[in-house]
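# Analysis of the macromolecular model
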Amino acid sequence: MQQWLDEAPSNIALIKYMGKKNSETNLPENPSLSYTIEHLKSQVVLELSDNPYDSWEPLKLNCATLINLSSEAQERFLKHLVYLKNYFKIKINFIVRSNNNFPHSSGIASSASSFAALTKCAIKAFCSLTKESMPTIEKQAFLSRIGSGSSCRSFFSPWALWDEDKITSITIPYHALHHEVIIISRNKKSISSSLAHKLIKTSPFYKGRSARASTNLKELIQSLTNKNWEDAYKICWQEFQDMHQLFSSCRESFTYINDDSKTVLNQLQEFWRTEQDGPIITMDAGPNIHLLYRADQLELANEFRKFYLKGNFDVL
Ligand code: DP6
């Protein structure tokens, strides 16, 4: 049977997409800015199927550990395939196989890379079947956004800017940052980011959130452009704290930040105070801590792992 393969990287937002204007099309309330994480990827293979339905299976490729998607996650993935099939007027069915090159259950959200990979692979398959030319990257990213909002930023590298229905790359004078994620917990989170987007609307701080994110974005672009790393670190810190404050202040409040997250965040602040330098720090809708180091800070990254983390947490 004919097959198509494609892959896409993950991305980490420094200015967060949290809150939607439209939950059908994942239109965001505020602009977001992300750095693409080239080494954390999802791969998707589509194969023509004789079955009267689409189905999902884990992809066995390069001996990576097999992922096991919950039935809801499979349903959501296949729903996006159906959306794409309708868009391209494709009436045949497929077996979808997918995998991530990062360990499953590592506590890293994989929806950005997996939805981007599915969108790329499906468009490749449909265009080869219909002999139509491939849509632009902007259009592909636009279609991917409908599956999972943050996936649209994975089409641009190294930096992506997403505002309303426009996704573009943006020139920032830091190209090869070193990304690490400190794994605080590998457990599946009880509140998905899709649910968090809805719940935060009940927070009293939600009203000013869009304006705060836009201000943070403007200031962050300015400090990165001026190569003011410390200011960039401070803005990113304030930005993820702002998002997490929405979580803890909504009507049925919840939090992803546990005691271990707090301990490591305190250590990172102490590290910055001692060294007068350090990584940009951010957290998504989960307890794990993402770090971005400049290319000239690799020694510093080793130091933090050795003298502060002391092997207490896995680092990817
Ligand atoms: C906290 O893209 O996972 O990671 O559009 O419902 O799939 P859906 O949400 P999702 O939200 C990501 C939220 C975030 C911040 C970000 O990546 O900007």
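Since this is a predicted model, take the numbers as computed values, not measurements. (Residues numbered from 1 in each chain as written. Predicted model: local features only at pLDDT ≥ 70, side-chain atom pairs only at ≥ 80, totals over all residues. Heavy atoms only, no water.)

## Some remarks on the overall build of the protein chain
- For the protein chain, the helix and strand inventory stands at eight helices and 12 strands.
- Pairs at least 24 apart in sequence give 75% of the contacts found in the protein chain among residues at least 6 apart.
- With the model as given, the accessible surface of the protein chain reaches about 14,700 Å², and the carbon-plus-sulfur share is 50%.
- Separation of charge centres in the protein chain, based on 36 positive and 33 negative side chains, amounts to 4 Å. (Helix = DSSP H or I, 4+ residues; strand = E, 2+ residues; numbered from the N terminus. Contact = heavy atoms within 4.5 Å. Areas by Shrake-Rupley, 256 points an atom, 1.4 Å probe, with all protein chains shown as cover. Lys, Arg positive; Asp, Glu negative; His and termini not counted. Charge placed at Lys NZ, Arg CZ, Asp CG, Glu CD.)

## Focus: the pattern of salt bridges
- A complete count under the given rule lists 18 salt bridges for this structure.
- The salt bridge partner of Arg209 is Asp242, with a shortest N-O separation of 3.2 Å. In this pair, Arg209 is assigned in helix H5 (residues 209-225) and Asp242 in helix H6 (residues 229-249), connecting sequence segments 33 residues apart. Asp242 carries the same exposure label as Arg209, and that label is buried.
- Overlapping salt bridges bring together Arg209, Arg212, Glu239 and Asp242 as one network. (Salt bridge = Lys/Arg side-chain N within 4 Å of Asp/Glu carboxyl O. Buried < 20%, exposed > 50% of the residue type's maximum accessible area, 1.4 Å probe, protein only.)

## Points about the site of the ligand
- The full set close to the ligand counts 18 residues, and Tyr17, Arg76, Ser148, Ser150 and Ser194 are the nearest of them.
- Here an oxygen atom of the ligand and a side-chain polar atom of Ser193 are 2.9 Å apart.
- Residue Asp284 places a side-chain N or O atom 3.4 Å away from an oxygen atom belonging to the ligand.
- The protein chains hide 96% of the 460 Å² of surface that the ligand would expose on its own.
- Among the elements that line the shell around the ligand, the one with the most residues is helix H4 (residues 193-199), at three residues.
- When grouped by side-chain class, the residues that make up the shell around the ligand number five nonpolar, eight polar and five charged. (Near = heavy atom within 4 Å. Polar contact = N/O pair within 3.5 Å; in protein donor to acceptor, adjacent residues only side chain to side chain. Nonpolar A, V, L, I, M, F, W, Y, C, P; charged D, E, K, R; others polar.)

## Some words on the state of the cysteines
- According to the stated counting rule, one finds zero disulfides in the structure shown.
- Among the cysteines around Cys152, which has no disulfide bond, Cys236 carries the closest sulfur, lying 18 Å off.
- Judged by relative accessible area, which is 0%, Cys152 ranks as buried. (Disulfide = S-S within 2.5 Å.)

## Describing the pairing of strand E9 (residues 178-183)
- Counting buried positions over the six residues of E9 gives five, a clear majority of the element.
- As paired strands, E9 and strand E11 (residues 289-293) are joined by five bridges and run antiparallel to one another. What sits directly across from Ile182, in E11, is Ile289.
- Sheet topology note: the E9/strand E12 (residues 314-315) ladder contains two bridges and is antiparallel. Within the sheet, the bridge partner assigned to Ile183 lies in E12 and is Asp314. (Pairing = 2+ DSSP bridges.)

Read these as geometric descriptors, not functional statements.
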